[in-house]
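Here's the letter readout for the chains.
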Amino acid sequence: MGFGQEAWEAKLAALRSYRRASGHLAPRQDAVWGEGDAMVPIGQHIANLRRKGTKNGLGKDPERAAVRAAQLTKIDPDWNCPWPLDWQRHYKVLADLADTEGEGVLSLIEPGVQFDGDDLGLWLERMRHPNTWAHLSTEQQERLTALGMQPPASPSPAQAAGSTAKGTSRAQQAFQRGLAALTQWVGREGANRPVPRGHGEPITVDGEAEPVIIRLGVWISNTKQRRSKLTADQLASLAALGVDWASTGSDGHRQGPSSVAMVRGEVRDARAGW
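Please read these numbers as outputs of a predicted model, since none were measured by experiment.

Here is what the cut-offs are and how they apply
Residues numbered from 1 in each chain as written. Predicted model: local features only at pLDDT ≥ 70, side-chain atom pairs only at ≥ 80, totals over all residues. Heavy atoms only, no water. Phe/Tyr/Trp six-rings, centres within 6.5 Å; stacked < 30°, edge-to-face > 60°. Helix = DSSP H or I, 4+ residues; strand = E, 2+ residues; numbered from the N terminus. Buried < 20%, exposed > 50% of the residue type's maximum accessible area, 1.4 Å probe, protein only. Lys NZ or Arg CZ within 6 Å of the ring centre and 35° of its normal. Pairing = 2+ DSSP bridges. pLDDT = per-residue confidence, 0-100. Contact = heavy atoms within 4.5 Å. Axes fitted to C-alpha atoms, helices over the stretch in contact; angles between N-to-C directions. Parallel < 35°, antiparallel > 145°, perpendicular 65-115°, else oblique. Left-handed = near helix turned anticlockwise from the far one by under 90°. Nonpolar A, V, L, I, M, F, W, Y, C, P; charged D, E, K, R; others polar. Core = buried A, V, L, I, M, F, W, Y, C linked by side-chain atoms within 4.5 Å.

### So, the packing of aromatic side chains
Argument step 1. For the structure on display, the rule yields five aromatic pairs.
Argument step 2. Here Trp87 and Tyr91 contribute two aromatic rings whose centre-to-centre distance is 5.5 Å and whose plane-to-plane angle is 15 degrees, an arrangement assigned as stacked. With Trp87 and Tyr91 both in helix H4 (residues 85-99) and four residues apart, this pair spans about one turn of that helix.
Argument step 3. Tyr91 gets classed as buried once you look at its relative accessible area, which sits at 12%.
Argument step 4. Centre to centre, the rings of Trp87 and Trp123 are 5.5 Å apart; their planes meet at 65 degrees, and the pair counts as edge-to-face. On the criterion of sequence distance, the pair formed by Trp87 in helix H4 and Trp123 in helix H5 (residues 120-128) is long-range, its members being 36 residues apart. The pair formed by Trp87 and Trp123 is uniform in burial state, with each residue classed as buried.
Argument step 5. Among the aromatic residues, those joined into a ring-pair cluster are Trp83, Trp87, Tyr91 and Trp123.
Argument step 6. Sitting over the face of the ring of Trp8, Arg68 holds its NZ or CZ atom 4.5 Å from the ring centroid.

Structure (structure tokens):
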């Protein structure tokens, strides 16, 4: 066995160990795993393996890449899911919790209930937001529905962004477009990844032939500066997408339940009905 194959087998062993312990292969990119000298950057390993194109994480040899992909799929069929690992990690923890319920359906988990640093309740609240739901793939929606989440009855982000209803001000329309862009970003990249100030997010707007580019990083900065002028609904929409400053009180402290680190079994005690 060559050095390259030995390194690969060692990596597989670490991934198997992590999967057995966590129930998923969706670690944060900075996550490490193991003990002492055997600690490995498990999050970076997975991020690298998921790379596509000329820097394919499985190597340039198509036959060897196919074999390695099959080995990884045997460990976890969702290792290369088409959505962000941040989404997959939250979902899988919740799906495992649902398995402990009699009918496989989650009860209520309030914002502030955490598992391994992830706010499960806040994530669920964000998924229930109409703009977030509209940008999930069909499979993501089906997975959440299987956990007991009901699709929100609300206009799509494109409809909201392009709304020209009487009485809707230009500022309100601009906010809706920015919110639609932020929803797309969070759905694709996860709530923990900051938006670069220079990033432009293309969104579909009713009545526009071409996608409209929203300068999302600048929009977030400007919206924060105008926080005192935002409505309660606007602040709630931002908070549902994980914007920390939108969920703090006038004294700068976060409102609502405090963050509580809970082990998997303790999370069940915080639920009382979806």
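### Some points on the pairing of strand S3 (residues 200-203)
Argument step 1. The alternating pattern of S3 places Glu201 and Ile203 on a buried face and Gly200 and Pro202 on a face that is not buried.
Argument step 2. Pairing geometry for S3 and strand S4 (residues 212-215), over four bridges, is antiparallel. Counterpart to Gly200 in the pairing with S4 is Arg215.

### So, the confidence of the model for the chain
Argument step 1. Summary statistics for the chain give a mean pLDDT of 80 and a share of 82% for residues scoring 70 or more.
Argument step 2. Mean pLDDT across the secondary structure elements of the chain bottoms out at strand S5 (residues 260-261), with 34, and peaks at helix H3 (residues 62-75), with 94.
Argument step 3. Contacts for the low-pLDDT stretch residues 163-167, under 50 throughout, to residues beyond four places or in other chains number four contacts.
Argument step 4. Counting interchain partners and residues more than four positions distant, the pLDDT-below-50 stretch residues 249-274 has 58 contacts.

### Describing the packing of helix H9 (residues 170-189) against helix H10 (residues 216-225)
Helix-helix packing is described using two parameters, namely the angle between the two axes and the distance between the axes.
Argument step 1. It is the contact of H9 with H10, at a shortest axis distance of 10 Å, that shows an interaxial angle of 120 degrees. One element, H9, and the other, H10, form an angle in the oblique class. Handedness of the crossing formed by H9 with H10: left-handed. Where H9 abuts H10, its residues Ala174, Phe175, Gly178, Leu179, Ala181, Leu182 and Trp185 lie against Leu216, Trp219, Ile220 and Thr223.
Argument step 2. Among the residues making up the contact of H9 with H10, the classes are represented as nine nonpolar, two polar and no charged.

### With respect to the nonpolar core
Argument step 1. Within the largest apolar cluster, 39 residues are counted, with the highest numbers of intra-cluster contacts made by Leu94 and Leu144.
Argument step 2. Elements that contribute at least two residues to this core include exactly helix H1 (3-22), helix H2 (42-49), H3, H4, strand S1 (113-115) and H5.
Argument step 3. Looking at this core, the element that brings in the most residues is H4, giving eight residues.
Argument step 4. One finds Phe175, Val195, Trp219 and Ala239 within the second-largest nonpolar core, a separate group that totals 22 residues.

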